[in-house]
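So the chains spell out like this:
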Amino acid sequence: MYYFLQHRKKWVISFILILAVIIVFSYRGFGNVNCENFSCFQENMKYCSKAVYVNEADEATWKYEILEKKGRECSINVKLLQAKKGNLGVDKLNGLEMECNYPLGVVQYPEKELSKCHGRLKEEIQTIIIEKLHTVIIENLGTIDESLNGI
């Protein structure tokens, strides 16, 4: 006890340094993995391990971030970074996000199944789809009417 009291300052400093090292390694261990390819993201999505992946697809650049396990589902944030081509008006959605929830073990591009997602990006994509369908129906109303009358 006498030794401890005499060297208390050294013990406190040693304890603080050890605690700092533990915190740094814990933080690094629980941080996001930055995936360079989709197979890395797939592996992390399969087990719902935190990871980030930027998908440079032909039509758009998407950012996926695995957030957390929610019960038996994996929660993934999807952000549209940049719409690249097409005349759907999707370019106005740049920067919008949605959250998608997939059962553990399921692996796919998160934006491919909108029924698993919720958020502003999903709502805006659905609005664009509905508007385009409405336009197609109006443009083809005569053809549709003839087809129905022929039945």
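In case you missed it, the structure is sitting above this.
On a predicted model such as this, the values are computed, not experimentally measured, just so you know.

K.L.:
Please clarify how the sheet that holds strand S6 (residues 117-118) should be interpreted in this entry.
P.N.:
In any sheet, the strands associate via hydrogen bonds between backbone groups, in a parallel or an antiparallel arrangement. What the six strands build is an open sheet, ordered S1-S2-S3-S4-S5-S6; its pairing is mixed. At either margin of the open sheet sits one strand with a lone partner, and together these are strand S1 (33-35) and S6. Pairing of strand S4 (residues 73-83) with strand S5 (residues 97-103) involves seven bridges; the strand directions are antiparallel. Note that in S5 the partner of Glu 73 across the bridge is Pro 103.

K.L.:
Please clarify how the pairing of S4 should be interpreted in this entry.
P.N.:
Along any regular strand, the residues point their side chains to alternate faces of the sheet. By the bridge criterion, 10 bridges tie strand S3 (residues 60-70) to S4 in an arrangement that is antiparallel. Bridge pairing links Glu 68 to Ser 75 in S4. Connecting S3 to the next strand, S4, in antiparallel fashion are two residues, including Gly 71 with a positive phi near 65 degrees.

K.L.:
I'm lost on the state of the cysteines in this one. Help?
P.N.:
A full pass over the atoms with the stated rule returns three disulfides. One disulfide bridge connects Cys 35 with Cys 40, the sulfur atoms lying 2.2 Å from each other. Measuring the twist about the S-S bond at about -60 degrees, one finds the Cys 35-Cys 40 disulfide to be left-handed. Among the residues examined, Cys 35 registers a relative accessible area of 8% and is labelled buried. For Cys 40, a relative accessible area of 24% translates into the label partly exposed. Each sulfur in the disulfide pair Cys 100 and Cys 117 lies 2.0 Å from the other.

K.L.:
Even after reading the chapter, I still don't get the packing of aromatic side chains, so can you show me in this structure?
P.N.:
Given two aromatic rings, one states the distance between the centres and the angle between the planes to describe the pair. Taken as a whole, this structure holds seven aromatic pairs when the rule is applied. Ring geometry for Phe 38 and Tyr 53: centres 6.0 Å apart, planes at 50 degrees, overall tilted. Residue Phe 38 is found in helix H3 (residues 38-47), and its partner Tyr 53 is found in strand S2 (residues 51-56); the two are separated by 15 residues along the sequence. The exposure class of Tyr 53 is buried, given its relative accessible area of 9%. Taken together, a centroid distance of 6.1 Å and an interplanar angle of 40 degrees make the contact between Tyr 53 and Tyr 64 tilted.

Criteria and cut-off values
Residues numbered from 1 in each chain as written. Predicted model: local features only at pLDDT ≥ 70, side-chain atom pairs only at ≥ 80, totals over all residues. Heavy atoms only, no water. Pairing = 2+ DSSP bridges. Helix = DSSP H or I, 4+ residues; strand = E, 2+ residues; numbered from the N terminus. Disulfide = S-S within 2.5 Å. Buried < 20%, exposed > 50% of the residue type's maximum accessible area, 1.4 Å probe, protein only. Phe/Tyr/Trp six-rings, centres within 6.5 Å; stacked < 30°, edge-to-face > 60°.

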